[in-house]
Amino acid sequence: LFRAASPYGAENLGSPGFGAQDFTRSNAVADLNHIFSPSLIGTIRGSFARLANVRGPISQGFDISQLGLPAGLSQQIGAPAAFPVINITGYNISSSVPNSSWTSALGETGLIRMGMNNYALQGSLTKILGTHTLKTGGEFRIVQFNTLQTADNSNNFSFTSAFTQGPNPAQPTATAGDALASFLLGTPNSGSVTPSPAVALETKYYAGFLQDDWKATSTLTLNLGVRYEVETPRTERYNQLTNFDYSATPPLNAPGLNLHGTLAFPAVNGLSRFQGSPDVNNFGPRAGFAWRPFAKTAVRGGMGLFYGNNWGIGGAPSSFGVSGFNASTDVVSSLDGVTPVATLTNPYPAGLNRATGSSGGAATLLGQSISYYDRSNVTPYTIQYNFDVQRELPYALLLDVGYVGTHNLKLSANQTLSQIPDSSLALGDALRTQVTNPFYGQIGVGALASKTVSRAQLLTPYPQFTGVTSVATNWAASRYNALQVKLERRFSRGFTLLASYTWSKMMDQSTGSFSGETLGGGAIQDWNNLRAEWSPSQLDQTHRLIVNTVVELPFFRRQQNLVGHVLGGWELGVLGSFYSGS
């Protein structure tokens with residue numbers, strides 16, 4: 001269980017040692033089947049599954065004051081002391097082996113303390129009524145996700161050529177400035193500290209279904225069904241979650257600016273403990289058929305609507321919207337983009353921002369970057385459809401030709417809401433101009449605490465924040481269409497063959513984390529025009545051909561002597577894989 005007193009105590013999962021890892025899975029299931037009558041069968045099943053992952057920084061315990069950083073910075077951060085992440089443009093060599101290596105060439109402060117529990121109870125009844133096989137049932141789950149993960153957010157600095165380029169520092173060239181020189185001067189271009197809270201999340205899942213497999217004729221079977229499911233929005237044991245009120249007025253006096261938008265908090269000011277509004281219209285119809293028009297021909301098809309969940313991928317608390325409970329402090333490297341004002345000897349002269357939780361209300365994190373979860377998010381879903389024809393050919397060959405399609409909607413992806421309007425781009429370099437800061441004296445941290453601020457900042461939709469991100473919001477989609485052809489010959493007379501070809505196209509708007517790795521290096525081009533992101537996916541592979549054959553060699557097969565035992569009975573197998581690039 002979590003200990004509320006220490007955010008870095010997280011869950012009592014043991015201590016694997018500096019840089020070591022403990023990754024374990026536990027499962028248990030109990031199943032009961034009962035035959036009520038020859039035509040009525042019941043099943044009930046209870047299960048429990050647990051996934052635990054514990055990993056500490058490889059440099060845990062390192063004293064960062066040895067690098068010239070302020071002596072008390074580690075204590076201010078509160079995370080386990082570790083070597084900071086240092087990124088020097090053009091000088092980094094990094095590698096990534098998920099959960100066993102690290103992703104930065106110099107420094108790694110990744111800390112993981114995670115435990116996920118899944119309790120499930122399922123039941124079903126199957127009734128045979130003539131040509132109908134009816135099946136109905138339900139399912140209930142409790143999913144608990146206890147997690148603490150800092151990645152490199154605890155302390156990191158990046159150096160570019162920005163502060164050593166010239167003669168015009170506003171016009172970078174390939175031959176001016178050097179990131180290593182900026183590093184030697186101790187002038188980071190950016191940096192941040194973001195201690196993370198430990199969160200204990202929970203959702204509940206309810207589902208029921210009804211299905212009818214109807215053998216309409218001796219050659220035609222129909223499959224008809226519907227499933228209804230509801231997943232409750234997340235709750236957190238200590239209510240450490242965040243929403244956003246788009247219409248609320250922040251407590252700031254800024255004449256000429258139409259200020260709106262403040263953080264909001266579940267279980268505060270009338271909001272429920274749920275981080276979102278329940279999505280209760282998740283009906284999933286299913287329909288399919290299998291038809292045998294001729295003795296050696298089968299035709300199949302089907303379609304269905306299937307719902308996902310809102311957990312997303314990744315275990316960092318920041319993935320769920322916890323602004324206010326983790327306060328990020330950014331290095332203010334320059335006020336005009338040219339003159340450095342921060343160095344490694346004192347990267348945070350105003351001190352670190354402290355998490356205030358929900359106590360600050362509408363004033364929480366003004367002047368800072370925020371991320372939150374939109375209460376109007378819904379459950380992602382996919383529409384799947386397929387059509388398939390199988391034909392038995394001479395020489396024991398089976399030809400299978402099919403079409404498969406998938407349309408995914410309401411997919412979760414982060415969305416940045418702090419891009420300036422397109423109409424302001426005409427100002428060009430004037431966007432850099434420093435103007436009087438209307439928040440001076442009202443905001444005491446970050447770039448908005450200065451007497452002047454860039455004109456661009458005041459033109460953003462929410463100028464009272466330096467960045468606004470809606471995490472895992474439902475704006476993305478994808479579509480997959482494929483022609484699949486298979487030629488198969490089962491093992492007979494010493495020979496087998498399997499050849500599969502897929503001609504496909506996958507389009508999407510956002511390719512996120514997949515199997516622990518982030519695919520695609522491109523950022524969103526224009527947050528004001530997300531339709532323009534529709535393009536071939538990073539996962540798209542147009543052509544895939546797989547050929548697998550095994551031949552039983554005829555030599556000495558029939559001899560029962562020593563020669564036959566040694567040289568007979570051999571097989572030759574060939575596997576070929578051919579595919580276009582992704």
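Remember, it's a predicted structure, so these values are computed and weren't measured experimentally.

Undergrad: Requested: an account of the pattern of salt bridges, with residues and values cited.
TA: Inspection of the entire model under this criterion finds seven salt bridges. Residue E202 is joined to K204 by a salt bridge in which the shortest nitrogen-to-oxygen separation is 3.0 Å. Note on E202: relative accessible area 23%, which makes it partly exposed. Measuring nitrogen to oxygen at the nearest pair gives 3.2 Å for the salt bridge that ties E229 to R227. In this structure E229 comes out as buried when scored by relative accessible area, which is 7%. The exposure class assigned to R227 is buried, which follows from its relative accessible area of 18%. Taken together, the shared-partner salt bridges connect E139, R141, R227 and E229 into one network.

Undergrad: Lay out the nonpolar core with the relevant residues and their values.
TA: Counting 22 residues, the largest nonpolar core has F244, L263, I370, F439, F465 and V468 as the members making the most contacts within it. With near-sequence residues (within four places) excluded, L263 lies in contact with T242, N243, F244, S323, G361, T364, L365, I370 and Y372. With 16 residues, the next largest nonpolar core counts F83, I86, F157 and V331 among its residues.

Undergrad: Summarise the pairing of strand β4 (residues 112-129); cite the residues concerned and give the values.
TA: Sheet analysis places strand β2 (residues 40-55) next to β4, joined by 16 bridges and oriented antiparallel. Pairing of V54 across the sheet is with R113, part of β4. The sheet contact formed by β4 and strand β5 (residues 132-149) spans 18 bridges and is antiparallel. For Y119, the partnering residue across the bridge sits in β5 and is I142. Where β4 hands over to β5, the hairpin turn is made up of two residues, of which G130 adopts a positive phi near 60°.

Definitions and limits used
Residues numbered from 1 in each chain as written. Predicted model: local features only at pLDDT ≥ 70, side-chain atom pairs only at ≥ 80, totals over all residues. Heavy atoms only, no water. Salt bridge = Lys/Arg side-chain N within 4 Å of Asp/Glu carboxyl O. Buried < 20%, exposed > 50% of the residue type's maximum accessible area, 1.4 Å probe, protein only. Core = buried A, V, L, I, M, F, W, Y, C linked by side-chain atoms within 4.5 Å. Contact = heavy atoms within 4.5 Å. Pairing = 2+ DSSP bridges. Helix = DSSP H or I, 4+ residues; strand = E, 2+ residues; numbered from the N terminus.

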